[in-house]
Amino acid sequence: MNLYFIILIILGVGSLIDIFSENREFKRNIYIFLIGILVIFFGTRAYIGYDWYNYKPNFEQSKNILELIKSGFVDGGFEKGYQFYCGIVKLFTSNYINFNLINTIIDFTLIYFIFKRYSNYPILSLFIFFGVYGIALEIDMIRNIKSILLFILSIDYIENKKILPFVALNILGFLFHTSSLLYLPMYFLLKIKWNRVFIFIVFIIGNIYYLSNIRLIINGIGMIKDKIPGGIGDKIAGYISIIPKDFPLGFSLFYLERVILFLIVFLIGKRLTEKRYGIIFVNSLFLSVFIFLYGAELSVISLRIGILFVYSYWFIIPMFFDIKSAPVVKLVVFILAILISTFRLDNQLNFEGNKKVYLYETVLLKHKSVEERMKIVEEASKYKEQGHGKELSLLY
């Protein structure tokens, strides 16, 4: 069996303990143990996924922090915050494999405290995280995940109406990935108790728009992209150029998943919003669904924006268990979590272009060389056209 699914099963067993056991100390120890497993799993990975193809040479060519300061932070590639981060790590090691381990430890230290803060079932949150984009984020999107985790940390400041630390954390996130700018308005938007009729109307119109497949947005952007000044227009034009005009939309498991989750959250939304952070996570889930319904035609652009709110899955589903329910209802909800996580994991790993790219190897055992892995990544690029509309982490 694929090692990723073995890890998912282990996390699933831990989730059952998390949901049904009353022994808090035992659950805490299991949670720490499972975090440790994931640190070893991700931290000792060899050259798997796509983005190491760019991150490895960038890290190896980057300066340490002292040299970076002397050069006035003139260093190529990625955002200044990420280069600063690499520069600090470079003081201790120039080995990319060691960098992966350090990076993983930092990420899962944040995840450990985040899931404990916002979820009464942190192991279940870890299970859903692993199934729903966690692998792609940790392996391929090492800048994105920093900005997402920093935003999740800042949710506490939305709840407690502390705008300065909220802005500070998300500016820090922006220094890792520019997409964090989209988080700044969330301070005002996610805490609003939106009118339920308004939310449902937006949902219905979104369904009609998505299923009608008229693609007004991408056609409109295509008409005005040349009139947008500066680098923004060039970047938009670059993204638009890689999106096929006819990749399939319409009824799919991705669509069904969103509709089911939306309706469940909408129906029990009042009880969820009574919980601490509840209104923020409910609004995050609604926003995630709306981005899909109105933006799916944009393929990779929609994916990159939608992934900013994927955290809503990690917390909303565990919140269902906070509502007093019979054991059979809890079991049904857990089965829903299994179905979503398994579907998303299978979708990422068993796409034809990803099978070899994501084939797990560890540096602790014999593994393919950098050259062999580079060839695999380059060969996988021929499948990227087939990846549009499938919500995959690919090298576009």
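Everything below is about the structure shown above.
Residues numbered from 1 in each chain as written. Predicted model: local features only at pLDDT ≥ 70, side-chain atom pairs only at ≥ 80, totals over all residues. Heavy atoms only, no water.

### Details of the overall build of the chain
What the chain contains, in helices and strands, is 21 helices and 0 strands. In terms of overall size, the chain behaves like a compact globule, its C-alpha atoms giving a radius of gyration of 21 Å where 396 residues would be expected to give roughly 21 Å. Along the first, second and third principal axes, the C-alpha atoms of the chain reach 60 × 55 × 45 Å. Residues counted as buried form 54% of the 396 residues belonging to the chain. Pairs at least 24 apart in sequence give 79% of the contacts found in the chain among residues at least 6 apart. (Helix = DSSP H or I, 4+ residues; strand = E, 2+ residues; numbered from the N terminus. Rg over C-alpha atoms; globule rule 2.2 N^0.38 Å. Buried < 20%, exposed > 50% of the residue type's maximum accessible area, 1.4 Å probe, protein only. Contact = heavy atoms within 4.5 Å.)

### Considering the environment of Trp 194
Looking at where Trp 194 falls in the secondary structure, it is placed in the loop between helix H10 (186-189) and helix H11 (196-212). Exposure remark for Trp 194: the relative accessible area of 36% places this residue in the partly exposed category. Along the chain, Trp 194 and Thr 342 lie 148 residues apart, while their C-alpha atoms are 32 Å from each other. Ignoring anything within four residues of it in the chain, the contact list for Trp 194 reads Leu 189, Ile 199 and Asn 283.

### Brief notes about the pattern of salt bridges
For the structure on display, the rule yields 10 salt bridges. The partner of Asp 107 in a salt bridge is Lys 146, and the shortest N-O contact between them spans 3.0 Å. Here Lys 146 lies in helix H8 (residues 144-159) and Asp 107 lies in helix H6 (residues 96-118), a separation of 39 residues in the sequence. Given a relative accessible area of 0%, Asp 107 falls into the buried group. One connected set of salt bridges, linked through shared partners, spans Glu 361, Lys 368 and Arg 373. (Salt bridge = Lys/Arg side-chain N within 4 Å of Asp/Glu carboxyl O.)

### Here we look at H8
In an α-helix, one full turn covers 3.6 residues, which means residues spaced three or four apart are oriented alike. Relative to the 22 Å expected for 16 residues at 1.5 Å per residue, H8 spans 23 Å between its end C-alpha atoms, a close match to the ideal helical length. The axis of H8 is deflected most strongly, by about 30°, at Leu 153. Most of H8 is tucked away, with 15 of its 16 residues classed as buried. The first or second residue beyond H8 is Lys 161, which carries a positive phi of 55°. (Expected span 1.5 Å × (residues − 1). Bend = angle between axes of the 7 residues up to and from the residue.)

### Digging into a nonpolar patch on the surface
Residues Ile 163, Leu 164, Phe 188, Leu 189, Ile 192, Trp 194 and Phe 198 make up a contiguous nonpolar surface patch of about 680 Å² in total accessible area. Those elements giving two or more residues to the nonpolar patch turn out to be helix H9 (163-174) and H10. Note that Phe 198 resides in helix H11. (Patch = residues over 30% accessible without salt bridge, like charges linked within 9 Å, V, L, I, M, F, W, Y side chains within 5 Å. Areas by Shrake-Rupley, 256 points an atom, 1.4 Å probe, with all protein chains shown as cover.)

### Observations concerning the environment of Phe 26
Turning to its location among the elements, Phe 26 is positioned in helix H2 (residues 24-43). For Phe 26, a relative accessible area of 40% gives the class partly exposed. Apart from residues no more than four positions distant in its own chain, Phe 26 is found in contact with Ile 17 and Ser 21.

### Thoughts on the environment of Pro 185
You can see Pro 185 is positioned in the loop between H9 and H10. Sequence separation between Pro 185 and Val 167 is 18 residues; the distance between their C-alpha atoms is 9.9 Å.

### Digging into the packing of aromatic side chains
In total, this model carries 52 aromatic pairs according to the counting rule given. For the ring pair Phe 115 and Trp 314, a centre distance of 6.2 Å and an interplane angle of 70° mean the geometry is edge-to-face. Placement of Phe 115 in helix H6 and of Trp 314 in helix H18 (residues 311-320) is noted, with a sequence separation of 199 residues between them. For Trp 314, a relative accessible area of 1% gives the class buried. Ring geometry for Phe 166 against Tyr 187: centres 5.1 Å apart, planes inclined by 50°, an arrangement best described as tilted. Here the residue Phe 166 occupies a position in helix H9, and Tyr 187 occupies one in helix H10, the gap between them amounting to 21 residues. The pair formed by Phe 166 and Tyr 187 is uniform in burial state, with each residue classed as buried. Note that Lys 90 overlies the ring of Phe 59, its terminal NZ or CZ placed 5.3 Å from the centroid. The residue whose ring lies beneath Arg 258 is Phe 292, and the NZ or CZ to ring-centre distance is 4.1 Å. (Phe/Tyr/Trp six-rings, centres within 6.5 Å; stacked < 30°, edge-to-face > 60°. Lys NZ or Arg CZ within 6 Å of the ring centre and 35° of its normal.)

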